[in-house]
Amino acid sequence: MPDWIGSLSNLTSLNLSGNNITTLPHQLADLGDDLELDLTGNPLAPPLDTLAMQGTPALFAYLRSLPEDAAPDPVETAEAVPEQQTAPLSVEVEQGRLRVRPEAGTIEALRREFATMFGLVRKRAVEAAQAIGGNHVKMAGLLRDYLGSLGEAPEQLQGIALGFTGQDITIQTAHCRDEDGTDQLSQDQRASLEILLAAHELLMRSVPEWQDYVLKTGQRPPLSDEIAMLERTLSRGIVVEVRQRPTEIDKAVADRLQDLTDLADQSPPDQRHLTRWGLSDGLGNLLSALAKEALLTGKEIPSEARKLTARGIIGLGAVAAWIILNHAPELLALAQLLPGYGWISQVIVALRAMAEK
């Protein structure tokens, strides 16, 4: 949107809906709070998206507070990019090249790590049971059930039963108070339960059957066909571009992303929910690594990103900026639809500002 829009003093109504607008010039506020402004259907970067829903006065008050040369700070924006999740595609930058992140270790190493965590949780559960004793019959019963579901060794662990019992202990711990608010648990008893629950949460992140259950029924609803189509389109385009840049990006990155895309496409209906989220997480991890590298490259991006297609290999930061900006429309659409992707609109605004300098 041009800065001179604020000089249109006779304007009383402005319909900007559905224009892929991500940022607004502060001069827009010169049109006054009585302006009838429609910004629906635009992927506005935070905090503009929230302020636009609160109404023109709130939005314009924010715009007036901005300095005249306000532009996204690349370093601040990079800090806002989420860290990579544990997902089917996990990447890192190594000596200026993007690679698939090495696994945490061999299967045997992962087993040893899980066994260590299991031993810690069992120790905390026994300590909690001893602290509770016979003073709280219901809590004591839950802790017995917990130890039963945990078993004596990692291979005996009953994932779903343990997960539910952990939830029950969490709820009971929160409600162990009298009507007047007096705590029914001693300080030591409550501390022992809280320590157990903290260790329990860490352990359950590594229990596949519980994570699958949470994925299917809990915090992650089924992804719509519209989101799935956007993800597949974006993924296929990125795979092609990544394979054209073998010096900056390891071939395995494209191969793993292609595998996730194929899996999301070809999985049977009863597994589609999981595989779509797998692709979503994998894409998120790749985009997170690309975004940070692009934003922190700094001065190289404005001049070199524009030359990338003509001159070929220039550096991972410029490649990353080019990939993100080349797919800005799909990314902005995805940011509106997919939980956890809102940050990408902020990245695009920052990269565009850098490229225009």
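Conventions used here
Residues numbered from 1 in each chain as written. Predicted model: local features only at pLDDT ≥ 70, side-chain atom pairs only at ≥ 80, totals over all residues. Heavy atoms only, no water. Helix = DSSP H or I, 4+ residues; strand = E, 2+ residues; numbered from the N terminus. Buried < 20%, exposed > 50% of the residue type's maximum accessible area, 1.4 Å probe, protein only. Contact = heavy atoms within 4.5 Å. Areas by Shrake-Rupley, 256 points an atom, 1.4 Å probe, with all protein chains shown as cover. Phe/Tyr/Trp six-rings, centres within 6.5 Å; stacked < 30°, edge-to-face > 60°. Lys NZ or Arg CZ within 6 Å of the ring centre and 35° of its normal. pLDDT = per-residue confidence, 0-100. Pairing = 2+ DSSP bridges.

### Regarding the overall build of the chain
At step 1: Within the chain one finds 15 helices and 4 strands.
At step 2: The buried share of the chain, reckoned over its 357 residues, is 45%.
At step 3: Taking contacts inside the chain between residues at least 6 apart in sequence as the whole, the part at least 24 apart equals 65%.
At step 4: For the chain, the exposed area adds up to about 18,600 Å²; of that, 51% sits on carbon and sulfur atoms.

### What to know about the packing of aromatic side chains
At step 1: In total, this model carries 1 aromatic pair according to the counting rule given.
At step 2: Their ring planes at 85° and their centres at 5.5 Å tell us that Phe164 and Trp210 sit as a pair that is edge-to-face. Within this pair, whereas Phe164 is found in helix α6 (residues 159–174), its partner Trp210 is found in helix α8 (residues 208–217), the two being separated by 46 residues in sequence.
At step 3: The ring centre of Trp322 lies 5.2 Å from the NZ or CZ of Arg245, which sits over that ring.

### Examining the side chain of Ser235
At step 1: With respect to the helices and strands, the residue Ser235 is situated in helix α9 (residues 225–243).
At step 2: When neighbours within four sequence positions are excluded, Ser235 is seen to be in contact with Leu257, Thr261, Leu279 and Leu283.

### As for the confidence of the model for the chain
Should the pLDDT be low somewhere, the predicted coordinates at that spot are not to be read in detail.
At step 1: Across the chain, the average pLDDT comes to 80, with 85% of residues at 70 or higher.
At step 2: Across the chain, element-level confidence peaks in α9 with a mean pLDDT of 93 and bottoms out in helix α12 (residues 300–311) with 48.
At step 3: pLDDT under 50 marks residues 309–313. Its contacts with residues more than four places away, or in other chains, come to 6 contacts.

### Some remarks on the environment of Leu89
At step 1: Mapped onto the fold, Leu89 is located in the loop between α3 (74–80) and β3 (91–94).
At step 2: Taking relative accessible area as the criterion, Leu89 reaches 0% and is therefore assigned buried.
At step 3: Residues Leu89 and Asp281 lie 192 residues apart in sequence; the distance between their C-alpha atoms is 7.4 Å.
At step 4: Apart from residues no more than four positions distant in its own chain, Leu89 is found in contact with Val100, Val253, Arg256, Leu257, Leu260, Gly282, Asn285 and Leu286.

### Some thoughts on the pairing of strand β4 (residues 97–100)
At step 1: Burial along β4 is one-sided: Leu98 and Val100 are buried, and none of Arg97 and Arg99, which face the opposite way, are.
At step 2: Judged from the 4 bridges that link them, β3 and β4 form a sheet pairing that is antiparallel. Pairing of Val93 across the sheet is with Leu98, part of β4.
At step 3: Counting the residues between successive antiparallel strands, the hairpin from β3 to β4 contains 2 residues, one of them, Gln95, with a positive phi of roughly 55°.

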